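Next come the chains, spelled out residue by residue.
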Amino acid sequence: MATLLSEQDFDVRVTYYQFSVQESHDTLIPSPYPDDAESGTFLKPYPMRLDFGSAGHTHTASAVVQIWNAEPEPDSRQSWDETAESQIETVSGELGIWSMERADETIKLGSAGRWRVRVSSGNRNEVARVTQEVGVAYGVERWLLQFWPEANRDRNSAEAAASQRRNDSSGRTP
């Protein structure tokens, strides 16, 4: 059973429908944000970076970041418009939050390595409406980022795959 290790709340500035999280030591990133950013994509992974597509042009979204010791159950306490999964690698165990510039806060994963992430977003239609009809919105769009170490994702699947490879190779003739 997965255990929640920490939770952080952030206000995330969104510009041009996007924001990003990336390795905190941004000089190590092959393509730092906003290089090669694609608009219209909900979640786009790059080496050491994840880009997020918002439904609002320029606004401040609310984000909750959860760090788990293993893959958590999907969050069902709220209604989410979109959900996707990916992975990110970090050498520092910290991720910077980026829009037009780097935010002061960092996401503290706790250790370096490969991490899985499940990203959920809600109130997307409402933030689109507000940013088009009213202007800048504050806290309308909600984001949940759930991180867990990739090594703990599913040991049984990894063991089954290794076992299958052994079985496949034992039946071959040279």
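Up top is the structure these notes are about.
Let me sum up the structure you'll find in this document.

Conventions we followed
Residues numbered from 1 in each chain as written. Predicted model: local features only at pLDDT ≥ 70, side-chain atom pairs only at ≥ 80, totals over all residues. Heavy atoms only, no water. Helix = DSSP H or I, 4+ residues; strand = E, 2+ residues; numbered from the N terminus. Buried < 20%, exposed > 50% of the residue type's maximum accessible area, 1.4 Å probe, protein only. Areas by Shrake-Rupley, 256 points an atom, 1.4 Å probe, with all protein chains shown as cover. Core = buried A, V, L, I, M, F, W, Y, C linked by side-chain atoms within 4.5 Å. Contact = heavy atoms within 4.5 Å. Patch = residues over 30% accessible without salt bridge, like charges linked within 9 Å, V, L, I, M, F, W, Y side chains within 5 Å. Salt bridge = Lys/Arg side-chain N within 4 Å of Asp/Glu carboxyl O. Lys, Arg positive; Asp, Glu negative; His and termini not counted. Charge placed at Lys NZ, Arg CZ, Asp CG, Glu CD. Pairing = 2+ DSSP bridges. Axes fitted to C-alpha atoms, helices over the stretch in contact; angles between N-to-C directions. Phe/Tyr/Trp six-rings, centres within 6.5 Å; stacked < 30°, edge-to-face > 60°. Lys NZ or Arg CZ within 6 Å of the ring centre and 35° of its normal.

### Comments concerning the overall build of the protein
For step 1, the next point in the chain: Counting its secondary structure elements, the protein contains two helices and ten strands.
For step 2, the next point in the chain: Residue burial in the protein is summarised as follows: out of 174 residues, 43% are buried.
For step 3, the next point in the chain: In the form shown here, the protein has an accessible surface area of approximately 9500 Å², with 47% of it arising from carbon and sulfur atoms.

### As for the nonpolar core
For step 1, the next point in the chain: Counting 24 residues, the largest nonpolar core has F52, I107, V119, W143, L145 and F147 as its most contacted members.
For step 2, the next point in the chain: Of all the secondary-structure elements, those providing two or more residues to this core are strand 1 (4-14), strand 2 (18-23), strand 4 (49-53), strand 5 (59-68), strand 7 (94-98), strand 9 (113-122) and strand 10 (138-149).
For step 3, the next point in the chain: The element best represented in this core is strand 5, accounting for four residues.
For step 4, the next point in the chain: Setting aside anything within four residues of it in sequence, one finds F52 in contact with Y17, Q18, F19, S20, V21, T41, F42, L43, V119, W143 and L145.
For step 5, the next point in the chain: Grouped together as the second largest cluster of nonpolar side chains are six residues, A55, A128, V130 and V140 included.

### Considerations on a negative patch on the surface
For step 1, the next point in the chain: On the surface, E7, D9, D11, E101, D104 and E105 cluster together into a negatively charged patch.
For step 2, the next point in the chain: Among the secondary structure elements, those contributing two or more residues to the negative patch are strand 1 and strand 8 (102-108).
For step 3, the next point in the chain: No other element matches strand 1, which puts three residues into the negative patch.
For step 4, the next point in the chain: Following the sequence through the fold, D104 ends up in strand 8.

### A word on the sheet that holds strand 9
Strand pairing in a sheet is mediated by backbone hydrogen bonds. Such pairs are either parallel or antiparallel.
For step 1, the next point in the chain: Strand order in this open sheet of five strands is 1-5-10-9-6, and the pairing throughout is mixed. Each having just a single partner strand, strand 1 and strand 6 (82-90) make up the two edges of the open sheet. On average, each strand axis in the sheet is tilted by 25° relative to the strand beside it, whichever way the strands run.
For step 2, the next point in the chain: Where strand 6 meets strand 9, nine bridges bridge the pair, whose relative direction is antiparallel. Residue pairing across strands places I88 opposite W115, the latter belonging to strand 9.
For step 3, the next point in the chain: Where helix 1 (residues 124-133) meets the sheet, its contacts fall on strand 5, strand 6, strand 9 and strand 10, and the angle it forms with strand 10 comes to roughly 140°.

### Here we look at the pattern of salt bridges
For step 1, the next point in the chain: Taken as a whole and assessed by the stated rule, the structure comprises 13 salt bridges.
For step 2, the next point in the chain: Here R114 makes a salt bridge to E89, at a shortest N to O gap of 3.4 Å. One end of the pair, R114, is in strand 9; the other, E89, is in strand 6, with 25 residues separating them in the sequence.
For step 3, the next point in the chain: Taken together, the shared-partner salt bridges connect E71, E85, R116 and R118 into one network.

### Regarding the packing of aromatic side chains
For step 1, the next point in the chain: If you walk through the whole model with that rule in mind, you get four aromatic pairs.
For step 2, the next point in the chain: Ring geometry for F19 against W143: centres 5.1 Å apart, planes inclined by 90°, an arrangement best described as edge-to-face. A residue pair is termed long-range when its members are at least 10 positions apart, and F19 in strand 2 and W143 in strand 10 qualify at 124 residues.
For step 3, the next point in the chain: For F19, a relative accessible area of 2% puts it in the buried group.
For step 4, the next point in the chain: On the basis of relative accessibility, which here comes to 2%, the residue W143 falls in the buried class.
For step 5, the next point in the chain: Among the aromatic side chains, those forming a connected cluster through ring pairs are F19, F42, F52 and W143.
For step 6, the next point in the chain: Directly above the ring of Y46 sits K44, whose terminal nitrogen or CZ lies 5.7 Å from the centroid.
For step 7, the next point in the chain: Above the plane of the ring of Y46 lies R49, whose end atom (NZ or CZ) is 3.9 Å from the centre.

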